[in-house]
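Take a look at the letters that make up each chain.
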Amino acid sequence: MRILAVSGSLRESSFNTSLLRAAVEAAPEGVELELWEGLGDLPLYDEDLESDVPESVQRLREEWASAEAIVFSTPEYNGSVPGGLKNAVDWASRPALQGVLRNKTVAVVGASTGQFGALWAQQDLKRILGIAGARVVGTEIPVSRAHERFDAEGRLLDGEVFEELRLHLTTLASEAVAAPDRVAA
Ligand SMILES: Cc1cc2nc3c(=O)[nH]c(=O)nc-3n(C[C@H](O)[C@H](O)[C@H](O)COP(=O)(O)O)c2cc1C
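These lines cover the structure that appears in this document, whether it is placed above or below. (Residues numbered from 1 in each chain as written. Predicted model: local features only at pLDDT ≥ 70, side-chain atom pairs only at ≥ 80, totals over all residues. Heavy atoms only, no water.)

## Re the site of the ligand
No. 1: As a structural note, the neighbourhood of the ligand is formed by 13 residues, with Ser9, Arg11, Ser14, Asn16 and Gly79 the closest of them.
No. 2: A distance of 2.9 Å separates an oxygen atom of the ligand from a polar backbone atom of Phe15.
No. 3: Between the ligand and Ser112, the relevant distance is 2.9 Å, taken from an oxygen atom to a side-chain nitrogen or oxygen of the residue.
No. 4: Look at the ligand: alone it shows 610 Å² of surface, and the protein chains cover 69% of it.
No. 5: By residue class, the composition of the shell around the ligand is 3 nonpolar, 8 polar and 2 charged. (Near = heavy atom within 4 Å. Polar contact = N/O pair within 3.5 Å; in protein donor to acceptor, adjacent residues only side chain to side chain. Areas by Shrake-Rupley, 256 points an atom, 1.4 Å probe, with all protein chains shown as cover. Nonpolar A, V, L, I, M, F, W, Y, C, P; charged D, E, K, R; others polar.)

## What to know about the pairing of strand 3 (residues 69-74)
No. 1: The element strand 3 is largely enclosed, with a buried count of 6 among its 6 residues.
No. 2: In strand 3, alternate side chains face the same way, and those of Ala69, Val71 and Ser73 on one face and Ile70, Phe72 and Thr74 on the other are all buried.
No. 3: Pairing of strand 1 (residues 2-7) with strand 3 involves 5 bridges; the strand directions are parallel. Across the sheet, the residue bridging to Ile3 is Ala69, located in strand 3.
No. 4: Here 6 bridges tie strand 3 to strand 4 (residues 105-111), and the two strands are oriented parallel to one another. Along strand 4, the bridge assignment pairs Val71 with Ala107.
No. 5: At this point the chain moves from strand 3, through helix 3 (residues 83-92), to the parallel strand 4, and the crossover so formed is right-handed. (Buried < 20%, exposed > 50% of the residue type's maximum accessible area, 1.4 Å probe, protein only. Helix = DSSP H or I, 4+ residues; strand = E, 2+ residues; numbered from the N terminus. Pairing = 2+ DSSP bridges. Right-handed = clockwise from strand over helix to strand, strands pointing away.)

## Structural notes on the side chain of Asn87
No. 1: Mapped onto the elements, Asn87 comes out in helix 3.
No. 2: A distance of 2.7 Å separates a polar atom in the side chain of Asn87 from the backbone nitrogen of Tyr45.
No. 3: Setting aside residues no more than four positions away along its own chain, Asn87 makes contact with Leu42, Pro43, Leu44 and Tyr45. (Contact = heavy atoms within 4.5 Å.)

## A look at helix 2 (residues 55-66)
No. 1: With 12 residues, helix 2 ought to run about 16 Å at 1.5 Å a step, and its terminal C-alpha atoms sit 16 Å apart, in line with that.
No. 2: Every buried residue of helix 2 is listed here: Ser56, Val57, Leu60, Arg61 and Trp64. Here the buried residues of helix 2 occupy an arc of 140° about the axis, which is enough to place them on one side.
No. 3: Where helix 2 is buried, its residues contact strand 1, strand 2 (32-36), strand 3 and helix 3. (Expected span 1.5 Å × (residues − 1). Arc of directions from axis to C-beta.)

## So, the pattern of salt bridges
No. 1: All told, the structure shown has 13 salt bridges when counted by the stated rule.
No. 2: Here Glu34 makes a salt bridge to Arg2, at a shortest N to O gap of 2.9 Å. Of the two residues, Glu34 sits in strand 2 while Arg2 sits in strand 1, which places them 32 residues apart along the sequence.
No. 3: Residues Arg155 and Glu153 are paired through a salt bridge, measuring 3.3 Å at the closest nitrogen-oxygen approach. Comparing Arg155 with Glu153, the two get one shared label, exposed.
No. 4: Each of Asp41, Glu55 and Arg59 takes part in one network of salt bridges that share partners. (Salt bridge = Lys/Arg side-chain N within 4 Å of Asp/Glu carboxyl O.)

## Digging into the packing of aromatic side chains
No. 1: This structure, assessed with the given rule, holds 4 aromatic pairs.
No. 2: An angle of 75° between the planes, with centres 5.4 Å apart, marks the rings of Trp64 and Phe72 as edge-to-face. Summarising the burial analysis for this pair, Trp64 and Phe72 share the class buried.
No. 3: Here the aromatic cluster, defined as three or more aromatic residues joined through ring pairs, consists of Trp36, Trp64 and Phe72. (Phe/Tyr/Trp six-rings, centres within 6.5 Å; stacked < 30°, edge-to-face > 60°.)

## Structural notes on unusual backbone geometry
No. 1: Cis geometry is found at the peptide bond from Arg94 to Pro95, where omega equals -5°.
No. 2: As for its position among the elements, Pro95 is in the loop between helix 3 and strand 4.
No. 3: Positive phi outside glycine occurs at Ala118, with the angle close to 60°.
No. 4: Structurally, the position occupied by Ala118 is in the loop between strand 4 and helix 4 (119-131).

This is the structure:
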């Protein structure tokens, strides 16, 4: 099964992107995680562009649609989801009732340097994804004090978080397989 991994951070040394790189390693057998890298190419959402969507949006819609499931890793900015990630979800949610997130099985994780591990951002992201029609599975994985959990090369140092990722991805994959409208990639 192919699962897309979307980081909500554009930062070169992002802890959230590092968390998803760890998730690539933690993925259970039969699950292949692929990092998606189109976030920074997207224009701000503008409904006027829907009649002839930019190529970057077209790419987002095709690539998110072709994944059997998506795992998002979100930082927390001022207590919620960073604008860039919300923007991507907004593009993916349209056309209304036909967006690529509709019935897509998704899960959320997150890392922040604060002590709550982007918990509010994850809760908000789950709500937003649900409103866009996604099947949101699993709980949150709040990776707090992220600067202490990765080495200088961005490798995850925390074995417990690694195991949590494995469990989370196992749940995500099994929920995606069980989805009523599953289209095997
Ligand atoms: C604009 C901004 C707002 C932030 N607000 C929060 C916050 O509300 N809660 C929190 O835990 N960390 C907050 N942080 C710190 C981020 O958790 C930290 O920068 C983190 O490393 C971002 O994720 P990344 O490493 O994936 O880029 C904020 C950072 C920025 C730049």
